[in-house]
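Structural characterization, general
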Amino acid sequence: MRVTTGLAGTGIGVPQGTGGAPPAEGPGSRRRLAAALITRGRRLPSLGRVASALASEVAAQADRLTLWVPVAFGLGAAAYLGLKVEPTLAPTAAGAAGLIAGALAVRRFAHQRLVIAIATLAAVCAVGFVIAKLHSDAVAAPIAPADLGMVRVEGWVVDIASPSERGERLLIAPVRIGRLAANQTPTRIRVVLADGGGPGEAPPPGTPISIMALVDPPPGPAAPGAYDFARDAWFEGIGAVGLALQPPLYAFLPRPPPALRLEMAVNAFRWKVAGKLVADITAVMGKDDGGAAGLAAAVTTSHQDWLEPARRDDLRASGLAHMLAIAGLHTAALSGFVFFFFRIAIAAWPWLALRVPGKKIAALAGLLAVGAYLVLSGAHPPARRAAITASVAFAAILLDRRAVSLHSLAIAALIILFIEPDVVVQPGFEMSFCATASLVAMAELWRRPARAADLPWPLAAIQGLRDWTIAMLMVSFVAGAATGPFAIQHFNRVANYGVFANLTADFLASVVLMPALAISLAAEALGLGHSAWPVFWVAGWAARGVVAIGHLFATARMAALTWPSAPEAALAVSYLAIIFACLWRGSLRWVAAPLAAAVALWPRPTPPVAWIAADGDDAAIVVGGTEVAMKPDARAYATGLWAQRRGFALPANAEAAQGAHFDCDRKGCVPIGPGRPAIAAWWGKRPPSLERWNALCDRTDIVVFRGASAPSASCGEALVLTRADFARGGAAEVFRAPHGYRIVWAQPIRGQRPWSSGSASD
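Residues numbered from 1 in each chain as written. Predicted model: local features only at pLDDT ≥ 70, side-chain atom pairs only at ≥ 80, totals over all residues. Heavy atoms only, no water.

Section: the layout of surface pockets
Note the threshold: Both cavities and pockets are sets of points on a 1 Å grid over the protein atoms alone; in a cavity a 1.4 Å probe fits but cannot get out, in a pocket the set is open with protein on both sides within 12 Å along at least five of seven lines, and lining residues sit with an atom within 4 Å of a point. Grid points are joined across faces, edges and corners, and a volume is the space filled by probe spheres set on the points. The secondary structure listing takes helices from DSSP runs of H or I that are at least 4 residues long and strands from runs of E that are at least 2 residues long, numbered from the N terminus. Just so you know the grouping, Ala, Val, Leu, Ile, Met, Phe, Trp, Tyr, Cys and Pro go in nonpolar, Asp, Glu, Lys and Arg go in charged, and all remaining residues, Gly too, go in polar.
By volume, the second largest pocket is sized at about 730 Å³. What lines the second largest pocket is a set of 24 residues, among which Leu376, Ala518, Leu521, Ala522 and Ala525 lie closest to the centre. Sorting the residues of the lining of the second largest pocket by element identifies helix H7 (258–285), helix H10 (328–347), helix H12 (358–376) and helix H17 (498–525) as the ones contributing at least two each. When residues of the lining of the second largest pocket are assigned to their parent elements, the largest contribution, 7 residues, is made by H17. Residues that form the lining of the second largest pocket fall into these classes: 20 nonpolar, 1 polar and 3 charged.

Structure representation (structure tokens):
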């Protein structure tokens, strides 16, 4: 289209003179002509229009108040868990009662919905705080003292926990621990077996054993602000951890209580099913099955004992760590398969389909499948959360409601938080809840494309495949974006190919692996296991495919990016921004999108220059961005966790790096390299000689002395840290300061809480 400035043209109006005559020539006419040809920019909206738009969006949330109830409840629970001092129940309950009364009064006398919503959510937040406090008091159990040492543990094997790097892990209900009194004996203790051990060497659940073990309270954070295992152990009822240096012996113990007998019987059944499943898949596929049998047992019973550590590492590195923890994917796949099987079976029988509500019967079957799978999986926290979410969805079908909606998700989240309020700060809940909420919110916004009628089936199939591929890519991308901040903060790693790994592995697990395992378990229950080898073959190859996908994307070039952890405020901003983007209705939700990336974009503070273990038995310095540990073999997990959290590299040869910066023997270390701060350590039980003490203090910035008190001889300007310092402070990080160094301790960050007493060691 041609544009001119004359009277003849294509659509641009030119000011006309009287009677349609051309305008007179001159400066004035040219200005009027230029003004007519200028395209004006859109004016910024006025404050009144902005306020009106905000008011409209707020009004649009009137029917979504229930979606924010679990958010407010979770904020209250998180506030309780984040306190530095344990609150008293009476004033806490009184404050909550006051807020509830205030909310009822506002609801009775106020007329503005916004005011009512704020008052209601404040009351729910207070209720969440109180419920978290009550839950903590309800699970209170004795914690082993820190100086217990090597003792004999006699008790019942309750379960086989996930294996450690050293070997099998037993969960034991102790009857006696050394000379501890009955009221000081923990209700549960977790013990790592000696000499590694394998699945066939571990005593099965229900076995009474006696074992010599080095027993400690549950360890606190390996570094200030790091993961606090002691807090999770408190809520799981684990009051001690141990390392067994001898194989367990059979013991004769009093008959356990009925509840414990039932728990052990269920776990013994799970252990037996896992072993039988591994044997059946191995019989079909051979011993070199590529990790198929181990993964099949893991996704069925949660026992990872038959899966090699390298396979587990591949799944974690590729972004498929959720395959190892029975949670939403497994429960949804299994219960969804049962649901659709019953729906199709009933619909295929016209006589029955006309007489029974097929959808509700299928939902009831799905509920039963969820319950059975929960028992078989061991009812661990992720499985419990997934079971509650799936049960709410099937209950919605029974009540003629939408099975998948933000409201049903809100109900499931509220039930989970009410039962286990501590999960609000656990990575598993954070990632699963945000991922599910983002997917449901995407489903609300997703517009199904219109399809042409009477389209030939080849074109219809191509179009359907295209739509499905786009949808699956969006599902993987949205779920990955929602869980990314938590992966960065808690695991310091983002899988670059996680979208593609999940797109392929999740599809294979959902469509093939889990249905095949469900059929194989049903065949075993009916005594048809010998004739069900084709199903075991399908399940085995599907599991092998998932493991192969994990290995492919874990070992690909540029497979992952590492990020140091951000301050806790960044995670809170990302958490709330993701929830806001999912729950808010209107264009304002997109404002939260950049805030959701706060963990990735938040400026990191100046990193520390050294780390000291919580018991003073190890230390590390940073040289050129690489961590150099005093004991590279003894505390590999703790030092590796600290380096990962702070974004430091690990040396290619840890022992060579240690030898270049420390001169160590069995009793201590002295610094010899140029690295700073210069840290010396004495680990011997007896005080060092004067000559050795002078060597420890010579040209040293910090001396770690594990004795009760340092020798009286002067150590110059070096800072001497003794056993009392570590008992008070726990693990430590060393930062540069204008005039020397500054130490940050872990215990003050944890505060004085029930789970922080006596858990200073890492």
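Okay, back to it.
Remarks on the environment of Gln61
We count it as follows: Two residues qualify as a contact provided that any one of their heavy atoms is within 4.5 Å of a heavy atom in the partner residue.
Note on placement: Gln61 falls in the loop between helix H2 (47–59) and helix H3 (69–81). Sequence separation between Gln61 and Arg585 is 524 residues; the distance between their C-alpha atoms is 6.4 Å. Not counting chain neighbours up to four residues away, the residues in contact with Gln61 comprise Leu583, Trp584 and Arg585.

Quick look at empty space enclosed by the protein
The gaps left among the atoms become clear once a water-sized probe is rolled over them. By the definition in use, this model includes 4 cavities of 30 Å³ or more. By volume, the largest cavity amounts to about 80 Å³. What lines the largest cavity is a set of 14 residues, among which Ile143, Ala233, Trp234, Ile238 and Gly239 lie closest to the centre. Taken together, the elements giving at least two residues each to the lining of the largest cavity come down to helix H6 (229–236) and strand E5 (238–244). No other element matches H6, which puts 3 residues into the lining of the largest cavity. Among the residues making up the lining of the largest cavity, the classes are represented as 10 nonpolar, 4 polar and no charged. Around the second largest cavity sit Leu67, Pro70, Leu406, Leu409, Ala410, Phe433, Ala437 and Leu583, which together line it. For the lining of the second largest cavity, the secondary-structure elements that each account for two or more residues are helix H14 (406–419) and helix H15 (427–445). It is H14 that contributes the most residues to the lining of the second largest cavity, 3 residues altogether. A class-by-class count of the residues in the lining of the second largest cavity yields 8 nonpolar, no polar and no charged.

Digging into the nonpolar core
To be explicit about the condition: We call a set of buried residues a nonpolar core when its members are Ala, Val, Leu, Ile, Met, Phe, Trp, Tyr or Cys and they connect through side-chain atoms within 4.5 Å of each other. Relative accessibility thresholds used throughout: buried, under 20% of the residue-type maximum; exposed, over 50%; partly exposed, between the two (1.4 Å probe, protein chains only).
Among the nonpolar cores identified, the biggest contains 49 residues, and Trp68, Phe429, Tyr575, Ile578, Ile579 and Leu583 are the most heavily contacted of them. With 8 residues, helix H19 (residues 568–583) is the single largest residue contributor to this core. When sequence neighbours within four positions are dropped, the list of residues in contact with Phe429 reads Arg385, Ile416, Leu417, Val423, Val424 and Tyr575. If you look at the next biggest cluster of nonpolar residues, it comprises 39 residues, including Ala274, Ala297, Ala523 and Ala532.

Quick word on the sheet that holds strand E13 (residues 668–671)
Formally: Paired strands are those between which DSSP finds at least two bridges. With axes taken as lines fitted to C-alpha atoms, and helix axes fitted only over the stretch in contact, angles between N-to-C directions fall between 0 and 180 degrees.
Strand order in this open sheet of 5 strands is E12-E13-E14-E15-E16, and the pairing throughout is mixed. Each edge of the open sheet carries a strand with a single partner, namely strand E12 (662–664) and strand E16 (719–721). On average, adjacent strands in this sheet sit at an angle of 20° to one another, irrespective of strand direction. The sheet contact formed by E12 and E13 spans 3 bridges and is antiparallel. What sits directly across from Cys664, in E13, is Cys669.

As for the pairing of strand E2 (residues 169–177)
Taken across its 9 residues, E2 has 7 buried, putting it largely inside the fold. Bridge count between strand E1 (residues 149–161) and E2: 8 bridges; the pairing is antiparallel. Residue pairing for E2: Trp156 is matched across the bridge by Ala173.

Some remarks on helix H13 (residues 381–398)
Side chains of residues three or four places apart in an α-helix project in the same direction, reflecting 3.6 residues per turn. Counted only if it meets this: To estimate how far a helix should reach, multiply one less than its number of residues by 1.5 Å.
In a regular helix each residue adds 1.5 Å, so 18 residues correspond to 26 Å; H13 covers 26 Å between its end C-alpha atoms and thus fits that length. Turning to H13, its buried residues are Ala383, Arg385, Ala386, Ala387, Ile388, Ala390, Val392, Ala393, Phe394, Ala396 and Ile397. Along its buried surface, H13 packs onto H10, H12, H14 and H15. In the stretch just after H13, Asp400 is the one whose phi turns positive, near 60°.

A look at a nonpolar patch on the surface
What counts, and what does not: Patch membership needs two things, relative accessible area over 30% and no salt bridge, and members are linked within 9 Å if like-charged or within 5 Å if nonpolar (Val, Leu, Ile, Met, Phe, Trp, Tyr). A 1.4 Å probe and the Shrake-Rupley method give the accessible areas. Residues count as covered only by the protein chains that appear here. Salt bridge criterion: a side-chain nitrogen from Lys or Arg within 4 Å of a carboxyl oxygen from Asp or Glu.
On the surface, Ile411, Ile415, Phe418 and Ile419 cluster together into a nonpolar patch covering about 370 Å² of accessible area. Topologically, Ile415 is positioned in helix H14.

Observations regarding the packing of H15 against helix H16 (residues 457–491)
Packed helix pairs are specified by the crossing angle of their axes together with the interaxial distance, meaning the distance between the axes. Note the cut-off: Any angle from 65 to 115 degrees is called roughly perpendicular, while one under 35 is roughly parallel, one over 145 is roughly antiparallel, and all others are oblique. Should the near helix be turned counterclockwise from the far one by less than a right angle, the crossing is left-handed, whereas a clockwise turn marks it as right-handed.
Packing of H15 against H16 leaves a shortest axis separation of 9 Å and a crossing angle of 155°. Between H15 and H16, the crossing angle belongs to the class labelled roughly antiparallel. Once H15 is placed against H16, the crossing between them reads as right-handed. Facing H15, whose interface residues are Pro427, Glu430, Met431, Cys434, Ala435, Ser438, Leu439 and Met442, H16 presents Met474, Val475, Val478, Ala479, Ala482, Thr483, Phe486, Ala487, His490 and Phe491. Looking at side-chain class alone, the contact of H15 with H16 contains 14 nonpolar, 3 polar and 1 charged residues.

Thoughts on the state of the cysteines
The following threshold applies: A pair of cysteine sulfur atoms is labelled a disulfide when the two atoms are within 2.5 Å.
On inspection of all chains with the given rule, the structure shows 1 disulfide. Cys664 shares a disulfide with Cys669; S-S distance 1.8 Å. Of note, the bridge from Cys664 to Cys669 carries an S-S torsion of about 115° and is right-handed in sense. Residue classification places Cys664 among the partly exposed residues on the basis of a relative accessible area of 27%. In this structure Cys669 comes out as buried when scored by relative accessible area, which is 0%. The structure places no disulfide on Cys434, whose sulfur is separated from the nearest cysteine sulfur, that of Cys582, by 6.9 Å. A residue is classified by how much of its surface remains accessible, and Cys582, at 5% relative accessible area, is buried.

With respect to the confidence of the model for the protein chain
For clarity, the threshold we go by: Every residue gets a pLDDT, meaning the predictor's confidence in that residue, from 0 to 100.
Looking at the protein chain as a whole, its pLDDT mean stands at 85, while 91% of the residues score no less than 70. For the stretch residues 1–24, pLDDT sits under 50, and the model shows 22 contacts to residues farther than four places along the chain or on other chains. Here residues 33–37 is modelled with pLDDT under 50, and outside its nearest four sequence neighbours on either side it reaches 7 contacts, counting other chains as well.

Side note on the packing of helix H8 (residues 292–301) against H17
Closest axis-to-axis distance for the H8/H17 pair is 11 Å, and the angle between their directions is 80°. In this view, H8 runs roughly perpendicular relative to H17, as classed from their interaxial angle. Counted together, Ala296, Val299 and Thr300 of H8 and Leu513, Met514, Leu517 and Leu521 of H17 form the full contact between these two elements. Grouping the amino acids of the contact of H8 with H17 by side-chain chemistry returns 6 nonpolar, 1 polar and no charged.

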